[in-house]
Amino acid sequence: MEPAKETFVSNQRELGRQGLAVSQIGLGCMGMSEFYGRADEDEAVATIHRALDLGVTVLDTADMYGPFTNERLVGRAIAGRRDEVVLATKFGNVRGQNGERLGIRGDAEYVRQACDASLQRLGVDHIDLYYQHRVDPRTPIEETVGAMAELVEAGKVRYLGLSEAAPATIRRAHAVHPITALQTEYSLWSRDPEDDILPTVRELGIGFVAYSPLGRGFLSGRFRSPDDFDPDDFRRHNPRFQGENFARNLDLVERVQEIAAEKGVTAAQLALAWVLGQGNDIVPIPGTKRVPYLEENVGALDVQLSADDLARITDAFPKGVTAGERYPDMSAVDV
């Protein structure tokens, strides 16, 4: 990896029409506590501090990460720097203290309980952007968002978001209370939002937050084999990282690396610049737990891509060409 130039995130992007201004790029904190192998809390805190120093304002966490430990980590990291942060967290994926998965809840009582618990773990008096992490198919979205709206009225939450919601659900939610941001996976290898999600949120004036904009790290080109992952890494069980799918997807990444090399940037920077180039209403939140990778990601803001560059990258990695599903079980996505 080439040494990163010092890039300060000076420009901002608007999420939604309610006045939320954020840095052009955010920081996903999930992998600091779980899913992506060994965690080092001190290194993670240093990464968050470096992000704030570079002007990254959006920190994205969730109660389920850890579970529960990621919010505490983020809270520890932002102590004394709360006014520099647009703090985003999520509820809805219910987990027990031992990590067991207990389903999805969106009922009003749970919304209130989850928010209070997150505020306590984060050590703050309000959450800037509060997402429903996954839609509860058993609870009307009107009930869920109605309870979220009450949190806004109480001053516990500033803006509302949804994650992995279908267009019809987004419309129903937005009719109850303005939705500021819709978060879903979006990258060169996950372009499904272009069909219906992006047109819907743009019609309604909702911002789009792209998680896993580097394809869970695959688009960085750092992984050459499934054996590169720690034994407890979530990606070992992800269809796109297994067997024949891995090999096919690696061929695609090599095409991106070739273009990146021609422009004198890393594959990760090129992939992030591509996402940034899809619209000023899109804010990617690449996750990392290490300072050098954070600096590399922020360096994507220096990458200038012309219309021809964007077209060439898209041609090298055509929509729908990625091998494998995004998750082993897609049942809780896009409802």
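Refer to the preceding data block for the structure.
Cut-offs and rules
Residues numbered from 1 in each chain as written. Predicted model: local features only at pLDDT ≥ 70, side-chain atom pairs only at ≥ 80, totals over all residues. Heavy atoms only, no water. Phe/Tyr/Trp six-rings, centres within 6.5 Å; stacked < 30°, edge-to-face > 60°. Helix = DSSP H or I, 4+ residues; strand = E, 2+ residues; numbered from the N terminus. Buried < 20%, exposed > 50% of the residue type's maximum accessible area, 1.4 Å probe, protein only. Salt bridge = Lys/Arg side-chain N within 4 Å of Asp/Glu carboxyl O.

A short note on the packing of aromatic side chains
Working step 1: Summed over the entire model, instances satisfying the criterion amount to 4 aromatic pairs.
Working step 2: For the pair Phe 91 and Tyr 130, a centre-to-centre distance of 5.0 Å together with 35 degrees between the ring planes defines the contact as tilted. In this pair, Phe 91 sits in strand E5 (residues 86–91) while Tyr 130 sits in strand E8 (residues 127–132), placing the two residues 39 residues apart along the sequence.
Working step 3: Here the aromatic rings of Tyr 186 and Trp 274 are separated by 5.7 Å at their centres, their planes lie at 45 degrees, and the arrangement is tilted. Residue Tyr 186 is located in the loop between strand E10 (181–185) and helix H6 (197–204), and its partner Trp 274 is located in helix H8 (residues 267–276); the two are separated by 88 residues in the primary sequence. Each member of the pair Tyr 186 and Trp 274 is classed as buried.
Working step 4: By way of ring pairs, the aromatic residues Tyr 186, Phe 208 and Trp 274 are connected into one cluster.

Things to note about the pattern of salt bridges
Working step 1: Under the criterion given, the structure shown has 20 salt bridges.
Working step 2: Arg 76 serves as the salt-bridge partner of Asp 42, at 3.0 Å between the closest nitrogen and oxygen. A residue pair is termed long-range when its members are at least 10 positions apart, and Asp 42 in helix H1 (residues 41–53) and Arg 76 in helix H2 (residues 69–78) qualify at 34 residues.
Working step 3: Of the residues examined, Arg 76 reaches a relative accessible area of 40% and is grouped as partly exposed.
Working step 4: Across the salt bridge formed by Arg 202 and Asp 281, the nearest N and O atoms sit 2.7 Å from each other. Here Arg 202, found in helix H6, pairs with Asp 281, found in the loop between H8 and strand E12 (282–284); they are 79 residues apart in sequence, far enough to count as distant.
Working step 5: The network of salt bridges with shared partners includes Glu 41, Asp 42 and Arg 76.

Thoughts on the side chain of Thr 144
Working step 1: Inspection of the secondary structure puts Thr 144 in helix H4 (residues 141–153).
Working step 2: With a relative accessible area of 0%, Thr 144 lands in the buried category.

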